[in-house]
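The primary structure of each chain is shown beneath.
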Amino acid sequence: MTASHTLDVEQLTLGYKDRAVIESLDLVVPPGRITAIVGANACGKSTLLRSMSRLLAPRTGHVLLDGREVHRMPPKELARTLGLLPQSPVAPEGITVADLVSRGRHPHQRMLARWSIQDDAAVAAALDATSTADLADRAVDELSGGQRQRVWIAMALAQQTDVLLLDEPTTFLDVSHQVEVLDLLTDLNRSRGTTIVMVLHDLNLAARYADHLIALADGKLHAAGTPGEVLTEDCVRAVFGLESRIINDPTSDKPLMLPLGRHHVTA
Amino acid sequence: MTTTTLQAVTRGRVRRALRRRLLMAVLAVLIVAMAAISLMFGQTYYPPADIWHVILGETVPGASFTVGELRLPRTAMALIVGLCFGMGGVTFQTMLRNPLASPDIIGITSGASAAATLGIVTLKLTGAEVSVFAIVAGLAVALIVYTLSFKDGVAGTRLVLIGIGIAAMLDSVTSYQLSRAGQWDLQQALRWLTGSLNGASWHEVVPVLIALLVLGPVLLARGRDLTMMQLGDDAAGALGVRMERTRLVVIVAAVGLIAFATAASGPIAFVAFLSGPIAARLFGNGGSLLLPAGLVGSLLVLVADFVGQFAFDHRYPVGVVTGVLGAPYLIYLIVRTNRAGGSL
């Protein structure tokens, strides 16, 4: 579980039909760390994650996991090393938490093979890690937004991948649940060395929780590095077209972005 | 991981698996009972012993013909087309994540039906040719509906609406063919409009049985991939499902089942549409619904055919009975999704 995998993006160009979304992108995901991808709406963040997990074939360029091209790997083999939690997965009507989390075991099962004790152990570990064991027999539809997101993360954890990609795991959650989810991912990273790559909307939470920050603008890499290096007033202006002030967050010693709108700015 | 959680997970899984097996067994027993009732009752009653002798191939005066040549193929046909419609229907509903996306709503059954009537009335095809023609038409309609609704991926709602339109066009082809068929008797006409098991014979049962034995296992082998697709295309793909290949295999297999069954019995109304949701209600959405929906389909057709034959003083084809059952459910589905704020 602690084996660190390299995940590299080389000269990647992605698009739908005639529209290019990502152009000639080069990225290195630091193994065993938490990486956050930030950028304006529709700048290609989700598209990039989809391509990194084989769901969208590149027009040109490569996505390499341990030097192997992910688009040429057998899907189940890839899914045992690299997992993706998409932005809005669908919970089948009436499915129980235990059944949903169990679906994370799919890449570890052969076509007609029986359920094994290892599968049970992985599901139990995922439920414990996300504090959802008490909900195991409840229907997913009945849960609150925060609980539901924990259950989806549990499903991704049951997949037992060393690399986990998450597309906006905190969207639609109130601030306490956002922090809860990010704490959970940090626990996972620290206890198992899981490489985490997540798309986040909230710049300040991204700066707080990520070891490595990637800022995308118009399908191109604007900056990559530690939050201190990346999150600058120039960067926010270039990526979001927003004036801002960056101060030091006294609670975490990370940069904190204060937006400057047209109103209510006194100093 | 704590051992109590592990124990709870294992216990929960074993309990759900037991419940699933128990429900399957109950359905199987009900099917066998219903099949036995359909074989025993009719204008003449034959005791179970006579029927058993006929099944074993012994000659029983009277029963050998009535049971062996009339009731047995009819019952076998009900059982087999029920399985085909149930499995084919739930495949589409699961894959497209929409209970309305059943082959009998989105035009696939109508396509097979239109082709069968066109083949019989105008092209003078017979037997296996009709089946093949119906299957090709079913696949073609599936392809057309799929292509027309493709725009940055397939949206269930768009596909359903386009399918309903195509179905209406194809149904008019069927009606036109029937109006041209002069010597067509009422029972045969009804078969192609609502589905009927009247006059089912062994040479009609054999092709659909072979289709079931070939395509059924193909579909069942993809059962787990199909349940993964319920999570959405991205989530399923990220869990290692080969989406394009799975979609192609299950569409061809499901359309094949539906088309063979339609060629044999006509489009028995709403069986494909009803079986999946009933199975989901009984079994929950935890595991694959293919086999449960197939069993529900079988039971539905057997019961509806028996009711149609004997519950009223007039004999109705099986499709009339299933139609009466299915229509309220269709309305219920539309009302419920409207209340939930869905677009369909």
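Residues numbered from 1 in each chain as written. Chains lettered and ligands numbered in written order. Predicted model: local features only at pLDDT ≥ 70, side-chain atom pairs only at ≥ 80, totals over all residues. Heavy atoms only, no water.

Engineer: Any chance you could explain the overall build of chain A here in plain terms?
Structural biologist: A count of helices and strands for chain A gives nine helices and 12 strands. Overall, the C-alpha framework of chain A stretches about 65 × 40 × 35 Å when taken along its three principal axes. When burial is assessed residue by residue, chain A has 53% of its 267 residues classed as buried. Side chains of chain A carry 26 positive and 33 negative charges; the gap between the two charge centres is 5 Å. (Helix = DSSP H or I, 4+ residues; strand = E, 2+ residues; numbered from the N terminus. Buried < 20%, exposed > 50% of the residue type's maximum accessible area, 1.4 Å probe, protein only. Lys, Arg positive; Asp, Glu negative; His and termini not counted. Charge placed at Lys NZ, Arg CZ, Asp CG, Glu CD.)

Engineer: Is there a simple way to think about the packing of helix H4 (residues 108–122) of chain B against helix H11 (residues 243–265) of chain B in this case?
Structural biologist: Packed helices, taken two at a time, are described by the angle their axes make and the gap between the axes. All names here are of chain B. Running from N to C, H4 and H11 point in directions that differ by 45°, and their axes come no closer than 9 Å. Here H4 is positioned oblique relative to H11, judged by the angle of their axes. Once H4 is placed against H11, the crossing between them reads as right-handed. Residues Ile108, Thr109, Ala112 and Ser113 of H4 pack against Val255, Ile258, Ala259 and Thr262 of H11. (Axes fitted to C-alpha atoms, helices over the stretch in contact; angles between N-to-C directions. Parallel < 35°, antiparallel > 145°, perpendicular 65-115°, else oblique. Left-handed = near helix turned anticlockwise from the far one by under 90°. Contact = heavy atoms within 4.5 Å.)

Engineer: Teacher, can you tell me more about the sheet that holds strand E1 (residues 7–16) of chain A here?
Structural biologist: The strands that make up a sheet are held in pairs by hydrogen bonds between backbone atoms, and each pair lies either parallel or antiparallel. All names here are of chain A. If you trace the four strands from one edge of the open sheet to the other, you get E2-E1-E4-E5, paired in antiparallel fashion. Of all the strands in the sheet, the pair left with one neighbour each is strand E2 (19–29) and strand E5 (68–69). Of the pairings in the sheet, the one linking E1 to strand E4 (residues 60–65) comprises five bridges and is antiparallel in character. Counterpart to Asp8 in the pairing with E4 is Leu64. (Pairing = 2+ DSSP bridges.)

Engineer: What's the story with the side chain of Gln177 of chain B in this structure? I'm lost.
Structural biologist: In this fold, Gln177 of chain B is placed in helix H6 (residues 156–180). Excluding residues that lie within four positions of it along the chain, Gln177 of chain B makes contacts with Thr117, Leu118, Val121 and Thr122 of chain B.

Engineer: It is not clear to me how the layout of surface pockets should be interpreted in this structure. Could you clarify?
Structural biologist: Empty space among the atoms becomes apparent when a probe as large as a water molecule is rolled across them. Size it by volume and the second largest pocket reaches roughly 1500 Å³. Together, 42 residues line the second largest pocket, and Ala17, Arg20, Arg224, Gly287 and Ser288 of chain B are the ones closest to its centre. Secondary structure elements with two or more residues in the lining of the second largest pocket: helix H3 (97–102) and helix H4 (117–129) of chain A together with helix H1 (3–40), helix H8 (202–221), helix H9 (223–229) and helix H13 (290–310) of chain B. In terms of residue count, the dominant contributor to the lining of the second largest pocket is H1 of chain B (11 residues). (1 Å grid on protein atoms, 1.4 Å probe; cavity = no way out; pocket = protein on both sides within 12 Å on 5 of 7 lines; lining within 4 Å. Points joined across faces, edges and corners; volume = space filled by probe spheres on them.)

Engineer: Help me out: how do you make sense of the packing of aromatic side chains in this one?
Structural biologist: Within a pair of aromatic rings, the relevant descriptors are the distance that separates the centres and the angle that separates the planes. Summed over the entire model, instances satisfying the criterion amount to six aromatic pairs over all chains. Joined through ring pairs, the aromatic side chains of Phe270, Phe273, Tyr329 and Tyr332 of chain B make up one cluster. (Phe/Tyr/Trp six-rings, centres within 6.5 Å; stacked < 30°, edge-to-face > 60°.)

Engineer: Is there a simple way to explain the pattern of salt bridges in this structure?
Structural biologist: Once the charged atoms of two side chains with opposite charge are near each other, the side chains can pair. All names here are of chain A. Evaluation of the coordinates by the stated rule reveals 17 salt bridges over all chains. A salt bridge links Arg68 to Glu77; its shortest N-O distance comes to 2.8 Å. On the accessibility criterion, Arg68 (41% relative accessible area) is partly exposed. Residues Arg208 and Asp249 are paired through a salt bridge, measuring 3.0 Å at the closest nitrogen-oxygen approach. Linking Arg208 in helix H7 (residues 203–209) with Asp249 in the loop between strand E11 (244–248) and strand E12 (255–259), this pair joins segments that are 41 residues apart in sequence. A relative accessible area of 7% places Asp249 in the buried class. (Salt bridge = Lys/Arg side-chain N within 4 Å of Asp/Glu carboxyl O.)

Engineer: Is there a simple way to explain the nonpolar core in this structure?
Structural biologist: Taken as a class, soluble globular proteins show a tendency for nonpolar side chains to be buried jointly. Ranked by internal contacts, the top residues of the largest apolar core, which has 142 residues, are Val101 and Met198 of chain A together with Val81, Phe92 and Val208 of chain B. If one sorts the elements of this core by residue count, H11 of chain B sits on top with 13 residues. Setting aside residues no more than four positions away along its own chain, Met198 of chain A makes contact with Ile34, Thr35, Ala36, Ile37, Leu166, Pro169, Leu182, Leu185 and Tyr209 of chain A. With 30 residues, the next largest nonpolar core counts Leu55, Leu84, Leu165 and Val199 of chain A among its residues. (Core = buried A, V, L, I, M, F, W, Y, C linked by side-chain atoms within 4.5 Å.)

Engineer: So what exactly am I meant to see when it comes to H6 of chain B here?
Structural biologist: Within an α-helix, residues lying three or four positions from one another point in the same direction, as the helix has 3.6 residues per turn. Between its terminal C-alpha atoms H6 of chain B stretches 36 Å, which fits the 36 Å expected from 25 residues at 1.5 Å a residue. Three or more residues of H6 of chain B are buried, namely Gly156, Leu159, Val160, Gly163, Ile166, Ala167, Leu170, Thr174, Gln177 and Leu178 of chain B. (Expected span 1.5 Å × (residues − 1).)

Engineer: I tried to follow the sheet that holds strand E6 (residues 82–85) of chain A on my own but got confused; where do I start?
Structural biologist: Residue and element names in this part refer to chain A. Ordered in space as E6-E7-E8-E3-E9-E10, the six strands form an open sheet in which the pairing is mixed. Whereas interior strands pair on both sides, the edge strands pair on one side only; in this sheet they are E6 and strand E10 (220–225). The average undirected angle you get between the axes of adjacent strands in this sheet is 15°. Sheet strands touched by helix H9 (residues 233–240): strand E3 (34–39), strand E9 (212–217) and E10. Its angle to E9, the strand with the most contacts, is close to 40°.

Engineer: Hey, could you run me through unusual backbone geometry in this one?
Structural biologist: Residues and elements named next belong to chain A. One non-glycine residue, Ser24, adopts positive backbone phi at about 40°. Here Ser24 lies in strand E2. You can call Ser24 partly exposed: its relative accessible area is 42%. At Phe172, a residue that is not glycine, the phi angle is positive and equals roughly 70°. Looking at the secondary structure, you find Phe172 in the loop between strand E7 (163–167) and helix H6 (175–192).

Engineer: Can you help me understand empty space enclosed by the protein in this one?
Structural biologist: Residues and elements named next belong to chain B. Counted by the stated rule, this structure contains four cavities of 30 Å³ or more. Taken as a whole, the largest cavity spans an internal volume of roughly 70 Å³. If you trace the largest cavity, you find it lined by Phe92, Met95, Leu96, Ile106, Ile108, Val141, Ala142, Val145, Tyr146, Leu159 and Ile251. Looking at the lining of the largest cavity, the elements that each hand over two or more residues are helix H3 (63–95) and helix H5 (127–148).

Engineer: Explain the environment of Leu78 of chain A to me, please; I cannot follow it from the model alone.
Structural biologist: Residues and elements named next belong to chain A. Within the element layout of this structure, Leu78 appears in helix H2 (residues 75–79). A sequence separation of 64 residues divides Leu78 from Glu142, and the C-alpha atoms of the two residues are 32 Å apart. The residues touching Leu78, leaving out its near neighbours within four places in the chain, are Ser53, Arg54, Leu65, Val70 and Met73.

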